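Below, each chain spelled out in residue letters.
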Amino acid sequence: MGRAIRTAADADAAESAHAERTCASCGRRMPASAAPEAKWCSAACRKHGIDDTDRALEQRIDELLAARARTSSICPSDAARALDPDGWRDLMEPARRAARRMVARGEVEITQHGSVVDPSTAKGPIRIRRPRSGTPVVRRRCTR
């Protein structure tokens, strides 16, 4: 039997079938076993969805990064404080979720200790910055 000839269209179809999908709410990677049409990673994310606070945090992150040098980064707390100076602590996890959604769209990168990290597994303090050309995305969990 002859070998099947693989075309560029076949390669693109295979690539899109295995493309990483992210949850619309929290921005974390969804398991490969999830249904292809799934939009949420869990019942909690489906229930929460995306509200006005989530959109406002994404906008604040974008505005704060635009106001700084291209090489600068911000902390999620900067966006939370800009949105609610008194109740910013309650907005920390929503700010991290907003940053993860922005990473999934390619708008920002999340770093720890100056290195780009996988937002789905990053633990501890993070920084948010604009993508830099040639910066490899590190797909590892930070152990610090």
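Look up a bit, the structure's there.
Residues numbered from 1 in each chain as written. Predicted model: local features only at pLDDT ≥ 70, side-chain atom pairs only at ≥ 80, totals over all residues. Heavy atoms only, no water.

Engineer: Teacher, can you tell me more about the sheet that holds strand E4 (residues 127–129) here?
Structural biologist: The strands making up a sheet associate through hydrogen bonds between their backbones, and the pairing can be parallel or antiparallel. Read across the sheet, four strands follow the order E1-E4-E2-E3 without closing on themselves; strand pairing throughout is antiparallel. Across the chains shown, the open sheet's two edge strands, defined by having one partner strand only, are strand E1 (73–74) and strand E3 (115–116). Of the pairings in the sheet, the one linking strand E2 (residues 109–112) to E3 comprises two bridges and is antiparallel in character. Residue Thr111 lies in a different strand from E3, and its bridge partner there is Val116. (Pairing = 2+ DSSP bridges. Helix = DSSP H or I, 4+ residues; strand = E, 2+ residues; numbered from the N terminus.)

Engineer: So what exactly am I meant to see when it comes to unusual backbone geometry here?
Structural biologist: Most peptide bonds take the trans configuration, and most residues that are not glycine carry a negative phi. Even without being glycine, His113 reaches a positive phi, approximately 55 degrees. With respect to the helices and strands, His113 occurs in the loop between E2 and E3. Overall, His113 belongs to the exposed group, its relative accessible area being 61%. (Buried < 20%, exposed > 50% of the residue type's maximum accessible area, 1.4 Å probe, protein only.)

Engineer: What is the right way to look at the pattern of salt bridges in this model?
Structural biologist: For side chains bearing opposite charge, pairing can occur when the charged atoms are close. If you walk through the whole model with that rule in mind, you get nine salt bridges. Across the salt bridge formed by Glu58 and Arg105, the nearest N and O atoms sit 2.8 Å from each other. Highlighted residues: Glu58 in helix H3 (residues 52–66) and Arg105 in the loop between helix H5 (92–104) and E2, separated in sequence by 47 residues. Glu58 gets classed as buried once you look at its relative accessible area, which sits at 13%. For Glu93, the salt bridge goes to Arg100, with nearest N and O atoms at 3.1 Å. In the salt-bridge network here, residues are joined through shared partners; they are Glu58, Arg101, Arg105 and Glu107. (Salt bridge = Lys/Arg side-chain N within 4 Å of Asp/Glu carboxyl O.)

Engineer: Which parts of the structure should I look at to understand H3?
Structural biologist: Note: α-helices contain 3.6 residues per turn, so residues at a spacing of three or four share the same orientation. With 15 residues, H3 extends 21 Å between its outermost C-alpha atoms, agreeing within 8% with the 21 Å of an ideal straight helix rising 1.5 Å per residue. The set of residues buried in H3 consists of Asp54, Ala56, Leu57, Glu58, Ile61 and Leu65. Buried residues along H3 sit against helix H2 (43–48), E1, helix H4 (76–83), H5 and E4. One side-chain oxygen of the residue at the start of H3 lies 3.2 Å from the amide nitrogen of Thr53, identifying that residue as Asp51. (Expected span 1.5 Å × (residues − 1). Contact = heavy atoms within 4.5 Å. Polar contact = N/O pair within 3.5 Å; in protein donor to acceptor, adjacent residues only side chain to side chain.)

Remember that the coordinates give geometry; whether it matters functionally is a separate question.
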